[in-house]
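Here's the letter readout for the chains.
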Amino acid sequence: KQEVTQIPAALSVPEGENLVLNCSFTDSAIYNLQWFRQDPGKGLTSLLLIQSSQREQTSGRLNASLDKSSGRSTLYIAASQPGDSATYLCAVRGDKIIFGKGTRLHILP
Amino acid sequence: GAGVSQSPRYKVAKRGQDVALRCDPISGHVSLFWYQQALGQGPEFLTYFQNEAQLDKSGLPSDRFFAERPEGSVSTLKIQRTQQEDSAVYLCASSPPYPLQETQYFGPGTRLLVL
């Protein structure tokens, strides 16, 4: 059974710093991995989707990598801003879509 | 354009009451998903529709949960005889047709509190 783990559960960093969020999964038989952000009281917004054949995807200050063989993905956020404060979730898609519990990120002004 | 909408946004129910949660997907989106998100947890898959066909309902936690999408557009998630453990945010997502079918667009969710 696929399990998705996100570390750390919460993170506070000063504005301007670069940071890395981690996602690991136990079953490498996946079609894709997706990173979402969730703001309080709102739904999820897709940030980046990486196909199983890809190694990374970039969008603006965000870069997501995927190492399927080791069951790991990272989300790199460059030059963090207070508006980046949110919960970041990763989801792997195999037979099912399985989400991690998320990392609550707080950027300190 | 309009995104995925859900109603009601908040619902308080007494234990044993039946509730119905509505999802209006983005127009033209073929796939529709329902998720349950407990406090402090990630969303958990409940069920999936492609047009009006319910292709996967393996995530529904009990036979008290029922979902339908009769015309391949609006979907309703019904919970009968609600229990306190049903308290959660219920998220709906829809996906466009191929080749963008892997991107899900989420609604704001319905927060259900069962007393």
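The rules we used
- Residues numbered from 1 in each chain as written.
- Chains lettered and ligands numbered in written order.
- Predicted model: local features only at pLDDT ≥ 70, side-chain atom pairs only at ≥ 80, totals over all residues.
- Heavy atoms only, no water.
- Helix = DSSP H or I, 4+ residues; strand = E, 2+ residues; numbered from the N terminus.
- Rg over C-alpha atoms; globule rule 2.2 N^0.38 Å.
- Contact = heavy atoms within 4.5 Å.
- Areas by Shrake-Rupley, 256 points an atom, 1.4 Å probe, with all protein chains shown as cover.
- Lys, Arg positive; Asp, Glu negative; His and termini not counted.
- Charge placed at Lys NZ, Arg CZ, Asp CG, Glu CD.
- Pairing = 2+ DSSP bridges.
- Axes fitted to C-alpha atoms, helices over the stretch in contact; angles between N-to-C directions.
- Buried area = accessible area lost by both parts, 1.4 Å probe.
- Salt bridge = Lys/Arg side-chain N within 4 Å of Asp/Glu carboxyl O.
- Polar contact = N/O pair within 3.5 Å; in protein donor to acceptor, adjacent residues only side chain to side chain.
- Nonpolar A, V, L, I, M, F, W, Y, C, P; charged D, E, K, R; others polar.
- Core = buried A, V, L, I, M, F, W, Y, C linked by side-chain atoms within 4.5 Å.
- Buried < 20%, exposed > 50% of the residue type's maximum accessible area, 1.4 Å probe, protein only.

Caption draft 1: Broad picture of the overall build of chain B. The number of helices and strands found in chain B is 0 helices and 11 strands. In chain B, the succession of α and β elements from N to C terminus is β-β-β-β-β-β-β-β-β-β-β. Its C-alpha atoms give chain B a radius of gyration of 13 Å, within 12% of the compact-globule value 13 Å for 115 residues. Judged by the C-alpha coordinates and their principal axes, chain B covers about 45 × 25 × 25 Å.

Caption draft 2: How the structure looks around the overall build of chain A. If you tally the helices and strands in chain A, you get 0 helices and 11 strands. Going from N to C terminus, chain A has its helices and strands arranged as β-β-β-β-β-β-β-β-β-β-β. A globule of 109 residues ought to have a C-alpha radius of gyration of about 13 Å, and chain A, at 13 Å, matches this closely. The C-alpha extent of chain A, read off along each of the three principal axes, is 40 × 25 × 20 Å. Within chain A, residue pairs in contact and separated by at least 24 positions form 53% of the contacts whose partners lie at least 6 positions apart. Total accessible area computed for chain A in this model is approximately 5,400 Å², and 49% of it derives from carbon and sulfur atoms. Positive and negative charge centroids in chain A, built from 11 and 9 side chains respectively, lie 6 Å apart.

Caption draft 3: Broad picture of the sheet that holds strand S3 (residues 19–25) of chain A. Residues and elements named next belong to chain A. Read from one edge of the open sheet, 5 strands run S1-S3-S8-S7-S6, paired in antiparallel fashion. Here the strands that pair on one side only, and so sit at the sheet edges, are strand S1 (4–7) and strand S6 (56–59). Shown here is a sheet whose adjacent strand axes are inclined to one another by a mean of 15°, direction ignored. Here S6 pairs with strand S7 (residues 62–67) via 4 bridges, running antiparallel. Considered in S7, the bridge of Ser 59 is made with Leu 62.

Caption draft 4: Structural detail: the interface of chain A and chain B. Each partner contributes to the interface: chain A provides 18 residues, whereas chain B provides 20 residues. The junction of chain A with chain B conceals about 1,400 Å² of combined surface from both sides, 47% of it contributed by carbon and sulfur atoms. On inspection of chain A and its partner chain B, the count reaches 1 salt bridge. Between B:Asp56 and A:Lys96 there is a salt bridge, and its shortest N-O distance comes to 2.8 Å. Linking chain A with chain B are 4 residue pairs in polar contact (both at pLDDT 80 or more). The residue inventory of the side of chain A that touches chain B, partitioned by class, reads 6 nonpolar, 8 polar and 4 charged.

Caption draft 5: The sheet that holds strand S1 (residues 5–7) of chain B, seen in detail. Residues and elements named next belong to chain B. The 4 strands lie next to each other as S1-S3-S8-S7, forming an open sheet whose pairing is antiparallel. At either end of the open sheet lies a strand with only one pairing partner, and these are S1 and strand S7 (65–68). In this sheet, neighbouring strand axes are inclined to one another by 15° on average, regardless of whether the strands run parallel or antiparallel. The sheet contact formed by S7 and strand S8 (residues 75–79) spans 4 bridges and is antiparallel. Looking at the pairing, Glu 68 lines up with Thr 76 of S8.

Caption draft 6: Spatial organisation of the nonpolar core. In terms of nonpolar packing, the biggest core is built from 22 residues, with A:Leu33, A:Trp35 and A:Leu75 touching the most fellow members. Going through the elements one at a time, S3, strand S4 (32–38), strand S5 (44–51), S7, strand S8 (72–77), strand S9 (86–93) and strand S11 (103–108) of chain A are the ones with two or more residues in this core. Judged by nonpolar contacts, the second largest core, of 20 residues, contains B:Ile26, B:Trp34, B:Leu77 and B:Ile79.

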